[in-house]
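Close look at the chain arrangement
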Amino acid sequence: MLSSCIPILLQEAGVTIRESGYHCDVVIVGGGAAGLSAALMLARARYSVVVVDSGRPRNATAAHMHGFLSRDGMPPGDLLAAGRAEIGQYGAEFVTGVATGVTASEDGVSVEVADSGTIRGRRLLVTTGLTDDLPELPGLAERWGRDVLHCPFCHGWEVRDQVIGVLSTTPMSMHQATLFRQWSPHLRFLSHTGPALSDTEVEELTARDIEIIPGEVVGLQITDDRLTGVELATGTVVELQALVCGPRFSARGDLLAPLGLTPTAHMSGIGDYIATDATGRTAVPGIWAAGNVADPAKQLIGAAAQGAEVAVAMIDDLISDDVRGAVAARRAAVGSK
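Conventions we followed
Residues numbered from 1 in each chain as written. Predicted model: local features only at pLDDT ≥ 70, side-chain atom pairs only at ≥ 80, totals over all residues. Heavy atoms only, no water. Helix = DSSP H or I, 4+ residues; strand = E, 2+ residues; numbered from the N terminus. Buried < 20%, exposed > 50% of the residue type's maximum accessible area, 1.4 Å probe, protein only. Contact = heavy atoms within 4.5 Å. Domains from an automatic or database assignment. Buried area = accessible area lost by both parts, 1.4 Å probe. Salt bridge = Lys/Arg side-chain N within 4 Å of Asp/Glu carboxyl O. Pairing = 2+ DSSP bridges. Expected span 1.5 Å × (residues − 1). Axes fitted to C-alpha atoms, helices over the stretch in contact; angles between N-to-C directions. Phe/Tyr/Trp six-rings, centres within 6.5 Å; stacked < 30°, edge-to-face > 60°. Lys NZ or Arg CZ within 6 Å of the ring centre and 35° of its normal.

Looking only at helices and strands, the chain has 7 helices and 19 strands in total. In terms of its C-alpha atoms, the chain occupies a principal-axis envelope of roughly 90 × 40 × 35 Å. Burial statistics for the chain: of 337 residues in total, 46% are counted as buried. In the chain, 58% of the contacts between residues at least 6 apart in sequence involve partners at least 24 apart.

Relative to the helices and strands, Gln89 resides in the loop between α3 (76-88) and β3 (93-96). Among the residues examined, Gln89 registers a relative accessible area of 64% and is labelled exposed.

Our focus in this paragraph is the domain arrangement of the chain. We note that the domain assignment places domain 1 (8-132 + 248-336) and domain 2 (135-245) within the chain. On a C-alpha basis, the centres of domain 1 and domain 2 stand 36 Å from each other. Taking both sides of the interface into account, the surface hidden between domain 1 and domain 2 amounts to around 720 Å²; carbon and sulfur atoms contribute 56%. The tally of links between domain 1 and domain 2 comes to 0 salt bridges.

Before going further, it helps to examine the sheet that holds strand β8 (residues 148-149). Across the sheet, which stays open at both edges, the 5 strands sit in the order β8-β15-β9-β10-β11 with parallel pairing between neighbours. Each edge of the open sheet is held by one strand with a lone partner, namely β8 and β11 (211-213). Taken together, the 4 bridges between strand β9 (residues 164-167) and strand β15 (residues 242-245) define a ladder with parallel strand orientation. In the strand pairing of β15, Val166 is matched with Val244.

Bringing helix α2 (residues 33-44) into the picture now. The terminal C-alpha atoms of α2, which comprises 12 residues, lie 17 Å apart, in line with the 16 Å expected from a rise of 1.5 Å per residue. Taken across its 12 residues, α2 has 9 buried, putting it largely inside the fold. When α2 is considered as a whole, its buried residues turn out to be Ala33, Ala34, Gly35, Leu36, Ser37, Ala38, Ala39, Leu42 and Ala43. If you follow the buried residues of α2, they end up packed against β1 (24-29), β2 (49-53), α3, β3, β6 (117-126) and α7 (300-335).

If you trace the 3 strands from one edge of the open sheet to the other, you get β12-β13-β14, paired in antiparallel fashion. Two strands bound the open sheet, and with one partner strand each, they are β12 (217-223) and β14 (237-239). Averaged over all neighbouring strand pairs, the angle between strand axes comes to 30°, with direction disregarded. Relative to strand β13 (residues 226-232), β12 runs antiparallel, the two being bridged by 6 bridges. From the neighbouring strand, Ile222 faces β13, where its bridge partner is Leu227.

With that settled, the discussion passes to the packing of aromatic side chains. For the coordinates displayed, the defined rule picks out 1 aromatic pair. Ring plane angle 85° and centroid distance 5.8 Å describe the contact between Phe153 and Trp183, whose orientation is recorded as edge-to-face. Of the two residues, Phe153 is situated in helix α4 (residues 152-155) and Trp183 in the loop between α5 (172-180) and β10 (187-190); the sequence distance between them amounts to 30 residues. Cation over ring: Arg160 sits above Trp157, and NZ or CZ is 4.1 Å from the ring centre.

With the rule as written, the count across this model stands at 14 salt bridges. With a shortest N-O distance of 3.9 Å, Asp53 and Arg84 are connected by a salt bridge. Residue Asp53 is found in strand β2, and its partner Arg84 is found in helix α3; the two are separated by 31 residues along the sequence. For Asp53, a relative accessible area of 16% gives the class buried. On the basis of relative accessible area, Arg84 is assigned to the partly exposed category, the value being 28%. With its nearest N and O atoms 2.8 Å apart, the salt bridge here joins Arg143 to Asp147. Like Asp147, Arg143 is buried. A single network of salt bridges, built from pairs that share partners, joins Asp25, Arg122, Arg123, Arg281, Asp317, Asp321, Asp322 and Arg324.

Written out as structure tokens, the structure reads:
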């Protein structure tokens, strides 16, 4: 049942309630960098927007974000707060809650939101991001985003010149080791459960003075709330100051599964994503996607940029729709005379 409060709130905010039953032009599910960038572009184009967000961002454990021009070092939450404030000036609305279902038809989309009812829109943009599926290792999840890392562009500078261990779990672990070597000469490649190294890979690691340590890692050593090493199955402790591991990236696309939009495996093997065309359109008319849910390799600034780019494509699509409607209405009016 439609929650009676949502249309009232939207009307009070100046969002047009269309005669066809729409509450807004675009519903955006996901209020991170991609979703907020898209909302800004759409709202400035004078389209009504409702952003649905669960309030559980992927980077919540990170104290600061990096590589975002003019915002380097800013706490991620501050970026989101500033973005909401900017977008609110253009009339966009925000609903805090979990989107639990979506239906699509020629008439538009309907998004079910827990405790808030149904929001109808002409288009849906999904910017729900992804989930980091971490290796199963006691204590590892608790250190994620602190001294257990995966992206050198996000955290490499902060661990520069430290003793860094690379936990091998996938073929991408070798790539991570060669990347992090740019930030520190003190690298230790922990073979753990990863694939066996080829002779070429051993030669490359050795040539870069990256120590190869065989054996499975069974736990982390924490001293004074700081990572100081990892313990091998043999009982040996390998001293470290930071640990790099590659999670599997899982698209937060469950909302779209009933529509037949299921995740596609990424060619790099890092995880999966919701497939779109170059403009962000999915295979279901009226449904678009942007950010990490559509490209798990995007960094924060890239996700924000993609959100803006997809919004521009959506604006073109909405304008085309408006033109078709206006032409049809004019023809009908002329024909009735």
